[in-house]
Amino acid sequence: MVRTEGARSLYNGLVAGLQRQMSFASVRIGLYDSVKQFYNKGAEHAGIGSRLLAGCTTGAMAVALAQPTDVVKVRFQAQANGSSGNRRYQGTMQAYKTIAKEEGVKGLWKGTSPNIARNAIVNCTELVTYDLIKDALLKSNLMSDTLPCHFTSAFGAGFCTTVIASPVDVVKTRYMNSAQGQYCSALNCAFTMMKKEGPTAFYKGFMPSFLRLGSWNVVMFVTYEQLKRGMMIAHQNWATPV
């Protein structure tokens, strides 16, 4: 890509990607603990069932809200970084308007069903696996609740997420970027891939996907843990009279 399209091609869809991450993360991560407590009915220790349900719920809610940002991100990343006159989308806002004009407003929610499945799987795997690995490390006294523990748990969660979610991710991307009428549904897209390309097609791009998810998980969970700890300390200092 760098040789044929230039280094800037690696950042195609960056603005839409940032919009996607801000909207997705605020829902699926920000509401996870609250929804987990709701399913757990206030019990002190959350079971695996409550964690899975919370992950699925917040993942689906995030897609329902932010699907247009994902559609635009995928379209931007797929288009060749040629001359500005040959590019279909010249900017993020122009992409939203073009898709809505040419395909209708529902075009901005193209691929919602596979994306809900994908995001529910990713959310469950990321959050639940991170929770389980972290709990196991703490209970076995291998690590304390510090940065190395958070890093190890996040890296493990990134690998597990890539293995489990890669097939759904490949189908989602292929379907969302397909020409109108090429596939009648996401399932049809998956069956066509299996028939024409075989099962290995579902793991195309596994290594870059792992590098993306692994690094994303490390940054996300380490930052989340540090922010959570900082906010708890600030709250305690604020609540404690001087």
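Our structure is the block above this text.
Residues numbered from 1 in each chain as written. Predicted model: local features only at pLDDT ≥ 70, side-chain atom pairs only at ≥ 80, totals over all residues. Heavy atoms only, no water.

## Considerations on the overall build of the chain
Along its length, the chain carries nine helices and zero strands. Listing the helices and strands of the chain from first to last along the sequence gives α-α-α-α-α-α-α-α-α. The 242 residues of the chain split such that 43% are buried. Nonlocal contacts in the chain, meaning residues at least 24 apart in sequence, comprise 69% of its contacts between residues at least 6 apart. Total accessible area on the chain is roughly 13,500 Å²; 66% of this is exposed by carbon and sulfur atoms. (Helix = DSSP H or I, 4+ residues; strand = E, 2+ residues; numbered from the N terminus. Buried < 20%, exposed > 50% of the residue type's maximum accessible area, 1.4 Å probe, protein only. Contact = heavy atoms within 4.5 Å. Areas by Shrake-Rupley, 256 points an atom, 1.4 Å probe, with all protein chains shown as cover.)

## Details of the environment of phenylalanine 221
As for its position among the elements, phenylalanine 221 is in helix H9 (residues 206-239). Note: C-alpha distance between phenylalanine 221 and histidine 150 (71 residues apart in sequence) is 6.8 Å. Phenylalanine 221 has contacts with Glu126, Leu127, Tyr130 and Ala154, leaving out every residue within four places of it along the chain.

## Details of the environment of lysine 36
Position of lysine 36 relative to the elements: it lies in helix H3 (residues 32-40). Residue class for lysine 36 comes out buried when judged on its relative accessible area of 10%. A sequence separation of 14 residues divides lysine 36 from serine 50, and the C-alpha atoms of the two residues are 5.7 Å apart. The contacts of lysine 36, once residues within four sequence positions are left out, are Ala46, Ser50, Arg51, Ala54 and Asp131.

## Things to note about the nonpolar core
Tyr32, Tyr130, Ala154 and Phe221 are the most contacted members of the largest nonpolar core, which totals 14 residues. Broken down by secondary-structure element, the contributors of at least two residues to this core are H3, helix H6 (112-139), helix H7 (147-176) and H9. In this structure tyrosine 32 touches Val27, Arg51, Ala54, Gly55, Thr58, Leu127, Val128 and Asp131, once residues within four positions along its chain are discounted. The next biggest cluster of nonpolar side chains, apart from the first, holds eleven residues, and it includes Ala16, Val72, Val74 and Tyr96. (Core = buried A, V, L, I, M, F, W, Y, C linked by side-chain atoms within 4.5 Å.)

## Points about unusual backbone geometry
The phi torsion at asparagine 141 lies on the positive side, around 60°, for a residue other than glycine. Assignment of secondary structure puts asparagine 141 in the loop between H6 and H7.

## A few points about the pattern of salt bridges
Evaluated as defined, the whole model comprises twelve salt bridges. Between aspartate 131 and lysine 36 there is a salt bridge, with its nearest N and O atoms 3.3 Å apart. With aspartate 131 in helix H6 and lysine 36 in helix H3, this pair connects stretches of sequence that are 95 residues apart. As a salt-bridge pair, arginine 174 and glutamate 197 come within 2.9 Å of each other at their nearest N and O atoms. Of this pair, arginine 174 sits in helix H7 while glutamate 197 sits in helix H8 (residues 186-197), and the two are 23 residues apart along the sequence. What makes glutamate 197 partly exposed here is its relative accessible area of 31%. Linked through salt bridges whose partners overlap, the residues forming this network are Lys134, Asp145, Glu225, Lys228 and Arg229. (Salt bridge = Lys/Arg side-chain N within 4 Å of Asp/Glu carboxyl O.)

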